Amino acid sequence: MNGGGMNPLLTSGPSAFAIMVLLAVPPGSGQAKDMGFAIQAPAPTFVDSGQTLGDHRTFGIAVGDIDGDGDIDAFVANYLGPSRVWTNDGHGLFTDSGQNVGHYEAHGVALGDLDGDDDLDAFVVINSGQDRVFLNDGDGGFRDTGQRLGPTNGHGLSVTLGDLDSDGDLDALVNQIDQANRIWFNDGDGRFWANGQNLGGTQSRGMAAADLDSDNDLDIYLANSQLADQVWLNDGQGNFHDSGQALGTTDGWGSPALGDLDGDGDFDAFVTNSMHGNSVWLNNGAGSFSALTLHFGQGNHVSLGDIESDGDLDAVTVEQLSGNFVFTNDGTGVFDSAVALPGSEGGLNLALGDVDRDRDIDVFIGKVEGFGENRLFLCTIPHETVWKPSGRIAPQ
């Protein structure tokens with residue numbers, strides 16, 4: 001569940017629930033100079049909750065009310081150990097539920113009501129095997145359905161859930177590396193079958209779904225590595241065709257997040273790239289994108305949410321080596337200020353949510369092992385200094 005820009009057809013996407021500390025970048029530091037920022041205040045501030053939430057190479061985090069008690073819990077997909085379900089006490093204090101939801105080299109997870117019983121189930125993507133579906137008993141207890149989806153040598157990266165074929169249930173769009181992406185249709189009871197489509201090439205690195213051409217079905221934005229990014233449009237029945245657009249560079253590792261970045265009512269794209277920097281692409285409302293800002297910052301994954309509580313969507317990015325950032329939106333899609341998140345190196349993925357129910361957005365970061373474990377950071381009233389360019393963020 002992303003922090004903003006949700007499409008009503010899209011119940012759950014590749015969750016990004018980051019954990020970060022916001023501190024000012026000191027004047028004259030290399031990072032501040034490279035980003036081209038000058039001092040300005042105030043900025044959102046995040047405080048480390050002090051919790052350590054696993055150290056098992058966490059590639060995927062999905063957040064939502066898993067146990068039905070009205071607060072946000074977390075399903076953490078681990079690569080080196082069992083995936084875990086962390087339950088929230090309502091004040092942002094998380095406890096391991098003790099469930100062992102698979103030791104399968106998990107790489108991604110999305111939450112959504114897969115069987116129509118009004119609780120959050122889990123679709124888990126495996127990086128070296130077949131994907132799994134776990135159904136929720138309503139109290140946060142998960143049962144493996146026994147489904148083994150995809151090839152035995154599958155290399156899944158992430159999953160997005162949404163009603164792709166307009167039949168009222170949640171289908172699954174699985175992003176794979178070295179293999180074509182796959183669509184799995186849901187029978188309404190949480191049983192999935194392949195529709196036979198292979199979306200895109202074999203080098204996509206991330207995807208997101210939203211109604212990009214304003215025809216009330218879910219389309220797909222694909223971020224690729226050895227190919228320019230693509231937009232695939234839906235005919236309303238879950239059949240997709242390439243729109244023919246070639247967006248951005250043909251190399252790098254990144255992923256998109258979709259939301260109304262410029263306030264015009266359609267879904268735009270914030271696309272990370274670990275080699276060339278992030279980009280913002282604006283939608284004309286018919287699914288055709290044009291670049292607004294290219295190559296600023298750096299990231300592998302991104303999640304959108306109204307971090308500043310000013311009515312527009314901001315972006316939180318994570319990158320394992322260069323660190324993590326909060327980019328704030330001026331309301332037009334220009335991300336005109338950024339705050340570094342020191343102490344969060346080793347980040348692999350993230351998700352956003354109000355875990356302590358104080359009406360602001362907190363962040364959870366999943367890390368590679370040995371970098372201080374997964375962390376949860378709680379948003380506080382802004383008092384920190386930020387680094388802000390005099391105009392638009394300069395291309396990197």
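How each quantity is defined
Residues numbered from 1 in each chain as written. Predicted model: local features only at pLDDT ≥ 70, side-chain atom pairs only at ≥ 80, totals over all residues. Heavy atoms only, no water. Pairing = 2+ DSSP bridges. Helix = DSSP H or I, 4+ residues; strand = E, 2+ residues; numbered from the N terminus. Axes fitted to C-alpha atoms, helices over the stretch in contact; angles between N-to-C directions. Salt bridge = Lys/Arg side-chain N within 4 Å of Asp/Glu carboxyl O. Buried < 20%, exposed > 50% of the residue type's maximum accessible area, 1.4 Å probe, protein only. Phe/Tyr/Trp six-rings, centres within 6.5 Å; stacked < 30°, edge-to-face > 60°. Lys NZ or Arg CZ within 6 Å of the ring centre and 35° of its normal.

## Re the sheet that holds strand β9 (residues 142-144)
Right, so step 1: Strand order across the open sheet formed by four strands is β6-β7-β8-β9, with antiparallel pairing between neighbours. The open sheet has two edge strands, β6 (106-112) and β9, and neither has a second partner. Direction aside, the axes of adjacent strands within the sheet are offset by 25 degrees on average.
Right, so step 2: In terms of strand pairing, strand β7 (residues 121-126) meets strand β8 (residues 132-136) through three bridges, oriented antiparallel. The partner of Val-124 across the bridge, within β8, is Arg-132.

## Considerations on the pattern of salt bridges
Right, so step 1: Tallied over the full model, the rule gives four salt bridges.
Right, so step 2: The salt bridge partner of Arg-84 is Asp-96, with a shortest N-O separation of 3.7 Å. Linking Arg-84 in strand β4 (residues 84-88) with Asp-96 in strand β5 (residues 94-96), this pair joins segments that are 12 residues apart in sequence.
Right, so step 3: Owing to a relative accessible area of 23%, Arg-84 belongs among the partly exposed residues under this scheme.
Right, so step 4: We classify Asp-96 as partly exposed; its relative accessible area is 30%.

## Some remarks on the packing of aromatic side chains
Right, so step 1: Summed over all chains, the structure comprises 12 aromatic pairs.
Right, so step 2: Ring centres of Phe-94 and Phe-364 lie 6.5 Å apart, and the angle between their planes is 85 degrees; this geometry places the pair in the edge-to-face category. With Phe-94 in strand β5 and Phe-364 in strand β27 (residues 362-367), the pair connects residues that are 270 residues apart, well separated along the chain.
Right, so step 3: A residue is classified by how much of its surface remains accessible, and Phe-94, at 6% relative accessible area, is buried.
Right, so step 4: Measuring from ring centre to ring centre gives 6.5 Å for Phe-296 and Phe-335, while their planes differ by 15 degrees; the resulting arrangement is stacked. Taken together, the residues span a long stretch of sequence, with Phe-296 in strand β21 (residues 289-296) and Phe-335 in strand β25 (residues 335-340) at a distance of 39 residues. The residues Phe-296 and Phe-335 share a single accessibility class, namely buried.
Right, so step 5: A network of ring pairs unites the aromatic residues Phe-270, Phe-296, Phe-325, Phe-327 and Phe-335 as a single cluster.
Right, so step 6: It is Arg-132 that lies over the ring of Tyr-104; its NZ or CZ is 3.9 Å from the centre.

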